[in-house]
Amino acid sequence: MLSKKIESALNEQVALEHESSQHYLAMASWAAINGYQGVSNFLYLQSDEERMHMLKLFHYINDRGGHALVPSGVKTPTSFKDVNQVFELVLKHEVKVSTSINLLVDACLKEKDYSTHNFLQWYVAEQIEEENTAREILDKLKLIGNDKGGMYLFDRDLSARQPGDRDNKGK
Ligand code: OFO
């Protein structure tokens, strides 16, 4: 049985994963209408993944006797300066999510909720990967600079990502 404190912290994390999903959906849409089909593909899939992260928490809360709450609407930006800005925002957001997961893990230890602590280890590992992916993409964009050919290849690489594909993130 979840304590009220952990239940509400998990519901806050549900809302944050939902926010991630909606933000990446907005970015995917912007990329699609600006000719970056690969970036768009990557972000649509990332948005789906975030929804999966949200649902995993959602089911856990209910399975442990809590009440998972549907997050309310998220206000998302509709336009971005360029692809660089998109991925800078992705990294910033992932760092925020990692901080939130770490605080949640800490709260579980204080509450002696070792089951939730164990459940959250998947998210701890996931956040390392998500931050790393965003940093690698930003490094590539730095190398590409204003080279249009490089940007074309970069976009083409990101179009290779498939649903559930954990190893193909434009590497
Ligand atoms: Fe859910 O990993 Fe990103 O936010």
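Residues numbered from 1 in each chain as written. Predicted model: local features only at pLDDT ≥ 70, side-chain atom pairs only at ≥ 80, totals over all residues. Heavy atoms only, no water.

Participant: Quick question: what am I supposed to make of helix H4 (residues 114-144) here?
Facilitator: An α-helical segment advances 3.6 residues per turn. Residues three or four places apart therefore align on the same side. Between the first and last C-alpha of H4 there are 46 Å, a value that for 31 residues agrees with the 45 Å anticipated at 1.5 Å per step. The sharpest bend along H4 measures roughly 30° and falls at Leu120. Two to three positions downstream of the cap, the backbone nitrogen of Ser115 sits 3.4 Å from a side-chain oxygen, assigning the N-cap of H4 to Asp113. (Helix = DSSP H or I, 4+ residues; strand = E, 2+ residues; numbered from the N terminus. Expected span 1.5 Å × (residues − 1). Bend = angle between axes of the 7 residues up to and from the residue. Polar contact = N/O pair within 3.5 Å; in protein donor to acceptor, adjacent residues only side chain to side chain.)

Participant: Sorry if this is basic, but what is going on with unusual backbone geometry here?
Facilitator: Excluding glycine, most residues fall at negative phi; most peptide bonds, likewise, are trans. The phi torsion at Lys112 lies on the positive side, around 55°, for a residue other than glycine. With respect to the helices and strands, the residue Lys112 is situated in the loop between helix H3 (83-110) and H4.

Participant: Sorry, what's going on with the environment of Glu7 here?
Facilitator: Relative to the assigned elements, Glu7 resides in helix H1 (residues 4-33). When its relative accessible area of 8% is taken as the criterion, Glu7 is described as buried. In contact with Glu7, not counting residues within four places along its chain, are Leu2, Ile61, Gly66 and His67. For Glu7, the side chain forms a polar contact with the side chain of Lys4, separated by 2.9 Å. (Buried < 20%, exposed > 50% of the residue type's maximum accessible area, 1.4 Å probe, protein only. Contact = heavy atoms within 4.5 Å.)

Participant: Where do I start with the packing of H4 against helix H5 (residues 148-158) in this structure?
Facilitator: Working note: a packed helix pair is described by the angle between its axes plus the distance between those axes. Running from N to C, H4 and H5 cross one another at 155°; their axes reach a closest spacing of 9 Å. In terms of axis orientation, H4 runs roughly antiparallel to H5. Judged by the sense of rotation from one axis to the other, the crossing of H4 with H5 is right-handed. Every residue of H5 that contacts H4 at Ile137, Lys140, Leu141 and Ile144 is listed here: Gly150, Met151, Phe154 and Leu158. A breakdown of the residues in the contact of H4 with H5 according to their chemical character gives six nonpolar, one polar and one charged. (Axes fitted to C-alpha atoms, helices over the stretch in contact; angles between N-to-C directions. Parallel < 35°, antiparallel > 145°, perpendicular 65-115°, else oblique. Left-handed = near helix turned anticlockwise from the far one by under 90°. Nonpolar A, V, L, I, M, F, W, Y, C, P; charged D, E, K, R; others polar.)

Participant: How do you make sense of the nonpolar core when you look at a structure like this?
Facilitator: Judged by nonpolar contacts, the single largest core of 22 residues is most densely connected at Val39, Leu43, Val83, Phe87, Leu141 and Phe154. Mapped onto this core, the elements with two or more residues apiece are H1, helix H2 (37-63), H3, H4 and H5. Excluding anything up to four places from it in sequence, Val39 contacts Ala31, Val83, Phe87, Phe154, Asp155 and Leu158. In this structure, Leu10, Leu57, Phe119 and Leu120 belong to the second largest nonpolar core, which totals 20 residues. (Core = buried A, V, L, I, M, F, W, Y, C linked by side-chain atoms within 4.5 Å.)

Participant: So what exactly am I meant to see when it comes to the side chain of Glu94 here?
Facilitator: Structurally, Glu94 can be placed in helix H3. On the basis of relative accessibility, which here comes to 1%, the residue Glu94 falls in the buried class. Within the structure, Glu94 has its side chain in polar contact with the side chain of Tyr24 (distance 2.6 Å). Excluding anything up to four places from it in sequence, Glu94 contacts Tyr24, Glu50, Gln127, Glu130 and Glu131.

Participant: What exactly am I supposed to notice about the confidence of the model for the protein here?
Facilitator: Low pLDDT means the predicted atomic positions in that stretch should not be read closely. Of all residues in the protein, 96% attain a pLDDT of 70 or more, and the chain-wide mean is 95. Residue range residues 167-171 is modelled with pLDDT below 50. Its contacts to residues more than four positions away, or to other chains, number 14 contacts. (pLDDT = per-residue confidence, 0-100.)

Participant: What is the right way to read the side chain of Glu131 from this model?
Facilitator: As for its position among the elements, Glu131 is in helix H4. A relative accessible area of 15% places Glu131 in the buried class. Apart from residues no more than four positions distant in its own chain, Glu131 is found in contact with Leu91, Glu94, Val95 and Ser98.

Participant: Looking at this structure, I do not really get the pattern of salt bridges. What am I missing?
Facilitator: For the structure on display, the rule yields five salt bridges. With a shortest N-O distance of 3.2 Å, Glu19 and Lys96 are connected by a salt bridge. On the criterion of sequence distance, the pair formed by Glu19 in helix H1 and Lys96 in helix H3 is long-range, its members being 77 residues apart. Judged by its relative accessible area of 42%, Lys96 falls in the partly exposed class. Across the pair Arg135 and Glu131 runs a salt bridge, and its minimum N-O distance is 3.1 Å. (Salt bridge = Lys/Arg side-chain N within 4 Å of Asp/Glu carboxyl O.)

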